[in-house]
Amino acid sequence: MAFTPLHDRVLVRRLEGEEKTAGGLIIPDSAKEKPAEGEVIAVGAGARDEDGDRVAMDVKAGDKILFGKWSGTEITLDGEDLLIMKESDIMGLLG
């Protein structure tokens, strides 16, 4: 995949949610909530501060993250549905 996010943007692959409830009921696709977990695929170089210096990113490729339900912009690259979001939309790291 030839895509590099710019500035403080992050490319994320959404992690799929559970197919069954704790009681064993299968959840149909139409009733599933969009998961708010993902894996970072690529990161930009970081935003610049008021002095023009780069602010290092807190996440890196391979990190598992938690983000807001409506965060990011959905795109399709190489037939795969991905999200581009600002680093500030990421709530935290998982694991």
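To be clear, the structure that these remarks concern was listed above.
Here goes a summary of the coordinates provided. Remember, it's a predicted structure, so these values are computed and weren't measured experimentally. (Residues numbered from 1 in each chain as written. Predicted model: local features only at pLDDT ≥ 70, side-chain atom pairs only at ≥ 80, totals over all residues. Heavy atoms only, no water.)

## Concerning the overall build of the protein
Here is step 1: In terms of helices and strands, the protein carries zero helices and six strands.
Here is step 2: Moving toward the C terminus, one meets the helices and strands of the protein in the order β-β-β-β-β-β.
Here is step 3: Working note: accessible area of the protein is about 6500 Å², and carbon and sulfur atoms make up 52% of it. (Helix = DSSP H or I, 4+ residues; strand = E, 2+ residues; numbered from the N terminus. Areas by Shrake-Rupley, 256 points an atom, 1.4 Å probe, with all protein chains shown as cover.)

## What about unusual backbone geometry?
Here is step 1: One non-glycine residue, His7, lies in the positive phi region at around 55°.
Here is step 2: You can see His7 is positioned in the segment before β1 (9-14).
Here is step 3: The class for His7 is partly exposed, based on a relative accessible area of 44%.
Here is step 4: Positive phi is not limited to glycine here, since Asp78 has a value of about 50°.
Here is step 5: With respect to the helices, strands and loops of the structure, Asp78 is situated in the loop between β4 (73-77) and β5 (80-86).
Here is step 6: The class for Asp78 is exposed, based on a relative accessible area of 66%. (Buried < 20%, exposed > 50% of the residue type's maximum accessible area, 1.4 Å probe, protein only.)

## Some remarks on the pairing of strand β3 (residues 64-67)
Here is step 1: With burial as the criterion, only one face of β3 is covered, namely that bearing Ile65 and Phe67; the residues Lys64 and Leu66 on the opposite face remain uncovered.
Here is step 2: As judged from the three bridges shared by strand β2 (residues 37-43) and β3, these two strands associate in the antiparallel manner. Across the sheet, the residue bridging to Glu39 is Lys64, located in β3.
Here is step 3: With four bridges connecting them, β3 and strand β6 (residues 90-94) associate as antiparallel partners. (Pairing = 2+ DSSP bridges.)

## What to know about the sheet that holds β4
Here is step 1: Ordered by their spatial adjacency, six strands build an open sheet running β4-β5-β1-β2-β3-β6, and the pairing between neighbours is antiparallel. A single partner strand is all that each edge strand has here, and the edge strands are β4 and β6. Adjacent strand axes in the sheet meet at a mean angle of 45° when their direction is disregarded.
Here is step 2: Looking at chain direction, β1 and β5 are connected through four bridges and run antiparallel. Paired with Leu11 across the strands is Ile84, a residue of β5. (Axes fitted to C-alpha atoms, helices over the stretch in contact; angles between N-to-C directions.)

## Details of a nonpolar patch on the surface
Here is step 1: On the surface, Leu66, Met91 and Leu94 cluster together into a nonpolar patch covering about 270 Å² of accessible area.
Here is step 2: Within the secondary structure, Met91 sits in strand β6. (Patch = residues over 30% accessible without salt bridge, like charges linked within 9 Å, V, L, I, M, F, W, Y side chains within 5 Å. Salt bridge = Lys/Arg side-chain N within 4 Å of Asp/Glu carboxyl O.)

## Notes on the environment of Leu93
Here is step 1: For Leu93, the position within the fold is in strand β6.
Here is step 2: Under the relative-accessibility criterion, Leu93 is labelled exposed at 53%.
Here is step 3: C-alpha separation for the pair Leu93 and Gly38, spaced 55 residues apart in sequence, amounts to 9.7 Å.
Here is step 4: Those residues in contact with Leu93, other than ones at most four positions away along the chain, are Val59, Asp63, Lys64 and Ile65. (Contact = heavy atoms within 4.5 Å.)

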